[in-house]
Amino acid sequence: MDITVKNEKLNKWIKEVADMCRPDDIYICNGTKEEYDRMMAKLLASGSAIPLKKRTNSYLFRSDPSDVARVEDRTYISTSARDEAGPTNNWIDPAELKETMKRLYEGCMKGRTMYVIPFSMGPVGSPISKIGVEISDSPYVVCNMHIMTRVSSRVLELLDAGEDFIPCLHSIGAPLAPGQKDVQWPCAPIERKYISHFPEENLIWSYGSGYGGNALLGKKCLALRIASAMARREGWMAEHMLILRLTNPEGKQYHIAAAFPSACGKTNLAMMQPSIKGWKCECIGDDIAWMKIGADGRLYAINPESGFFGVAPGTSYETNPMAMDTLKENVIFTNCALTDDGDVWWEGMTDDVPEHLIDWKGRDWDPDSKVDAAHANARFTAPAAQCPVICKDWENPAGVPIDIFIFGGRRTSVVPLVYESFSWDHGVFLGATAASETTAANIGAVGNLRRDPFAMTPFCGYNMGDYFRHWLKMGERLGDKAPRIFYVNWFRKNDEGKFLWPGFSDNSRVLKWMCERIDGKADAQKTPIGLLPVEEGIDLTGLGISEENMKELMRIDTQAWRAEMPDIERHFAKFGSRLPENLTIQLQELRRRLG
Ligand code: TSX
Ligand code: MN
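Note that the structure is a prediction, hence the values are computed from the model and not measured.

Quick notes on the overall build of the chain
Logical step 1: Summing up its helical and strand segments, the chain has 17 helices and 31 strands in all.
Logical step 2: Per-residue burial over the chain gives 60% buried out of 595 residues.
Logical step 3: If you take every contact in the chain between residues at least 6 apart in sequence, the share linking residues at least 24 apart comes to 73%.
Logical step 4: Charged side chains of the chain number 70 positive and 80 negative; the gap between the two group centres comes to 3 Å.

Quick notes on the side chain of serine 306
Logical step 1: Its location among the elements puts serine 306 in the loop between strand E16 (299–302) and strand E17 (307–311).
Logical step 2: The class of serine 306 is buried, set by a relative accessible area of 10%.
Logical step 3: Not counting chain neighbours up to four residues away, the residues in contact with serine 306 comprise Ile147, Met148, Thr149, Arg150, Pro383, Ala384 and Trp394.

A short note on the pattern of salt bridges
Logical step 1: For the structure shown, the criterion picks out 40 salt bridges.
Logical step 2: Residue arginine 55 pairs with aspartate 343 through a salt bridge whose shortest N-O separation is 2.6 Å. Here arginine 55 is found in the loop between strand E2 (49–51) and strand E3 (59–61), whereas its partner aspartate 343 is found in the loop between strand E19 (337–339) and strand E20 (344–345), with 288 residues between them in sequence. Assigned by exposure class, arginine 55 and aspartate 343 land together as buried.
Logical step 3: One salt bridge in this structure joins aspartate 83 and arginine 578, with 3.1 Å as the shortest N-O distance. Of the two residues, aspartate 83 sits in helix H3 (residues 82–85) while arginine 578 sits in the loop between helix H16 (565–573) and helix H17 (581–594), which places them 495 residues apart along the sequence.
Logical step 4: Look at aspartate 83 and you get partly exposed, because its relative accessible area is 45%.
Logical step 5: Through salt bridges with shared partners, a single ionic network connects Arg411, Glu437, Arg451, Glu564, Asp567 and Arg570.

Remarks on helix H2 (residues 33–45)
Logical step 1: In this model, H2 (13 residues) spans 18 Å end to end at C-alpha, consistent with the 18 Å of a helix rising 1.5 Å per residue.
Logical step 2: All of the buried residues in H2 are Glu35, Tyr36, Met39, Met40 and Leu43. Here the buried residues of H2 occupy an arc of 130 degrees about the axis, which is enough to place them on one side. In H2, the exposed positions that point more than 90 degrees away from the buried face belong to Lys33 and Ala45.
Logical step 3: Buried residues along H2 sit in contact with strand E1 (25–28), E2, E3, strand E5 (113–121), helix H5 (139–148) and strand E18 (332–334).

Some details on the coordination of the manganese ion (ligand 2)
Angles between donor atoms at a metal ideally measure 109.5 degrees for a four-coordinate tetrahedral arrangement and either 90 or 180 degrees for a six-coordinate octahedral one.
Logical step 1: Protein ligation of the manganese ion (ligand 2) involves Lys220 (NZ), His240 (NE2) and Asp287 (OD), the donor distances falling in the range 2.2 Å.
Logical step 2: For the manganese ion (ligand 2), all donor residues lie on one chain, and their spacing in sequence is K-x19-H-x46-D. In this pair, histidine 240 is assigned in the loop between strand E11 (237–239) and strand E12 (242–247) and aspartate 287 in the loop between strand E14 (280–285) and strand E15 (289–293), connecting sequence segments 47 residues apart. Note on accessibility: histidine 240 and aspartate 287 belong to one class, buried.

Observations regarding empty space enclosed by the protein
Logical step 1: Inspection of every chain in the model, using the stated rule, returns one cavity of 30 Å³ or more.
Logical step 2: For the largest cavity, the calculated volume is near 150 Å³.
Logical step 3: In terms of residue class, the lining of the largest cavity is built from eleven nonpolar, two polar and three charged.

Focus on the packing of aromatic side chains
Logical step 1: Tallied over the entire structure, the rule returns 29 aromatic pairs.
Logical step 2: Ring geometry for tyrosine 27 against tyrosine 115: centres 6.2 Å apart, planes inclined by 75 degrees, an arrangement best described as edge-to-face. Here tyrosine 27, found in strand E1, pairs with tyrosine 115, found in strand E5; they are 88 residues apart in sequence, far enough to count as distant.
Logical step 3: In this structure an aromatic cluster arises from ring pairing among Phe405, Phe407, Trp424, Phe454, Tyr462, Tyr467, Phe468, Trp471 and Phe575.
Logical step 4: Residue placement shows lysine 9 over the ring face of phenylalanine 165; its charged tip is 4.5 Å from the ring centre.
Logical step 5: Across from the ring centre of tryptophan 205, 5.8 Å away, lies the NZ or CZ of lysine 98, which sits over that ring.

Focus: the sheet that holds strand E24 (residues 400–401)
Logical step 1: With antiparallel pairing, four strands are arranged side by side in an open sheet as E11-E15-E16-E24. Bordering the open sheet on either side are E11 and E24, each of which pairs with just one other strand.
Logical step 2: In the packing of helix H8 (residues 218–234) onto the sheet, contacts are made with E11 and E15, and the angle to E11 comes to roughly 155 degrees.
Logical step 3: Along the sheet face, helix H12 (residues 464–478) touches E11, E15 and E16 and points at about 125 degrees away from the line of E11.

Section: the environment of glutamate 535
Logical step 1: Within the secondary structure, glutamate 535 is located in the loop between strand E31 (531–533) and helix H14 (547–554).
Logical step 2: According to the relative accessible area criterion, glutamate 535 is exposed, its value standing at 59%.
Logical step 3: For the pair glutamate 535 and methionine 554, spaced 19 residues apart in the sequence, the C-alpha separation amounts to 9.3 Å.
Logical step 4: Beyond its immediate stretch of four places on either side in the chain, glutamate 535 contacts Gln525, Glu547 and Lys551.

Quick word on the site of ligand 1
Logical step 1: For ligand 1, the set of nearby residues contains 14 residues, the closest of which are Gly265, Asn268, Gly503, Phe504 and Asn507.
Logical step 2: Within the backbone of phenylalanine 504, an N or O atom sits 3.1 Å from an oxygen atom of ligand 1.
Logical step 3: Here an oxygen atom of ligand 1 sits 2.9 Å away from a polar atom, N or O, in the side chain of asparagine 507.
Logical step 4: Across the shell around ligand 1, the residue classes tally to nine nonpolar, four polar and one charged.

Calculation notes
Residues numbered from 1 in each chain as written. Chains lettered and ligands numbered in written order. Predicted model: local features only at pLDDT ≥ 70, side-chain atom pairs only at ≥ 80, totals over all residues. Heavy atoms only, no water. Helix = DSSP H or I, 4+ residues; strand = E, 2+ residues; numbered from the N terminus. Buried < 20%, exposed > 50% of the residue type's maximum accessible area, 1.4 Å probe, protein only. Contact = heavy atoms within 4.5 Å. Lys, Arg positive; Asp, Glu negative; His and termini not counted. Charge placed at Lys NZ, Arg CZ, Asp CG, Glu CD. Salt bridge = Lys/Arg side-chain N within 4 Å of Asp/Glu carboxyl O. Expected span 1.5 Å × (residues − 1). Arc of directions from axis to C-beta. Donors = N, O, S within 2.8 Å, 3.2 Å for Na, K, Ca; no water. 1 Å grid on protein atoms, 1.4 Å probe; cavity = no way out; pocket = protein on both sides within 12 Å on 5 of 7 lines; lining within 4 Å. Points joined across faces, edges and corners; volume = space filled by probe spheres on them. Nonpolar A, V, L, I, M, F, W, Y, C, P; charged D, E, K, R; others polar. Phe/Tyr/Trp six-rings, centres within 6.5 Å; stacked < 30°, edge-to-face > 60°. Lys NZ or Arg CZ within 6 Å of the ring centre and 35° of its normal. Pairing = 2+ DSSP bridges. Axes fitted to C-alpha atoms, helices over the stretch in contact; angles between N-to-C directions. Near = heavy atom within 4 Å. Polar contact = N/O pair within 3.5 Å; in protein donor to acceptor, adjacent residues only side chain to side chain.

Shown next as structure tokens:
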């Protein structure tokens, strides 16, 4: 195991980790197809991967039932002072957390191979991109990282040339004794899982889980938690946002970045195909945006990822045909159900439920069963390049210039279909107070209002009060080149509990109004909460929605809005003295406008 690389920091780190974790073998990844195939062959041989007859080069994995999602209460932002992590993060002192985790890491890779995965978040060599190296003992992680990030020998060359990288240490926490038989999804029990971030030294330590954001460390850990802390220090933005390009019939392009809490259909919007004639929509990313101010003073965005790690249940040719077409080949499915003819299935995929399935736990399942066949958090990992509407500029190292920011949430009442902020600071207030009603997908009661500022609550790597301040500061720097900020709610219902807005492709009508606002072609009416479309402001050609429903979608109930104030106040109070005064002023002004 005399592995040496030219990058001294990497060399030293590999040796340190190997001495601590004591793997049987070390392997440095190069990102080639041959390597992917070799890893997958190993996973097939061990029985972890199930090949799918119906989809070329695609495989199904079943996780341990205790390891099915990100573990937010085992996720830590470990800074020297607790207050730097802030009220929205779990905190443990770095020295103490490292002590605890070193004891767990001690010998944790015995009987396994230690994979060193050099990857780039963002196009290799882009000035907005960052390099990471994940060390993991999971070949499933290696395959997923091949799809979700750029793993390549070109990254190794940049490292050899002395470029810096973010070390991401991962172990499933399941060493094998000599002769011990492996299980299908090795992992550690919940009380030994730790997803730890040390933003002061750009370091990630993850232990005990093989699932999603707990294990694919380039995504939530690096591209959001560590990157958000770097972005504040370095004057850029790392956001939980989709990126899309809209093109109008005249060929003018608009770039939109949008943040929504979970269960609002972010991936669906990222791949949405407009219902209005002559408008085109292309996908650049569905989850994360890294943005820097360019030489012309505008804000440029890249998607740091190279794949989609999407929630499968609810994805169908009705809700997201472009995603369905992305999933035809070269896909890793996790915790989906298996059909008798060798395909995957999940709740909401088709109207007809197959007569027989193997559920996500590997048991026989029949349609009369009360349990779901696929886990509610079942996932697909698919290359972004396979999306039929991927934008030709999705890998442009310069990024795309953002014109519009959208925030939103799922609200059955109170919040109108769309409104524009009065100013940047007012838009930051909208992001900071963004809220969604809980659905069956959340834990606890359905319909509770949950504030999820900028959809960043689980992903901000530092004090959220400082994060609000950073947004205000970016607005000052961008000045009149700043994107305009809108708030949307696709989910308002009538008093019979029916959705008022058709959503999906028809959301293009709302996006069109935003573009017309940018171009000074659409009037808006001033209301206490923001700028709303005037009557007939939104293009409803061919939609057949009633005037009454449209009125209800845009109605502002000032009484109901006044009733929101105490909750916003309680929400803001959590941030104490870290809450920027500008946001307190925004709240005061809203209260005054509501009368
Ligand atoms: O993703 C959704 N979007 C954004 C699409 C680009 N969903 C699914 C949310 C769960 C992830 C939506 N659901 C949207 C939406 O705009 N709107 C709704 C609510 C809705 C559901 C079904 C209908 C209409 C609205 N069906 C009919 O009107 C027939
Ligand atoms: Mn996300």
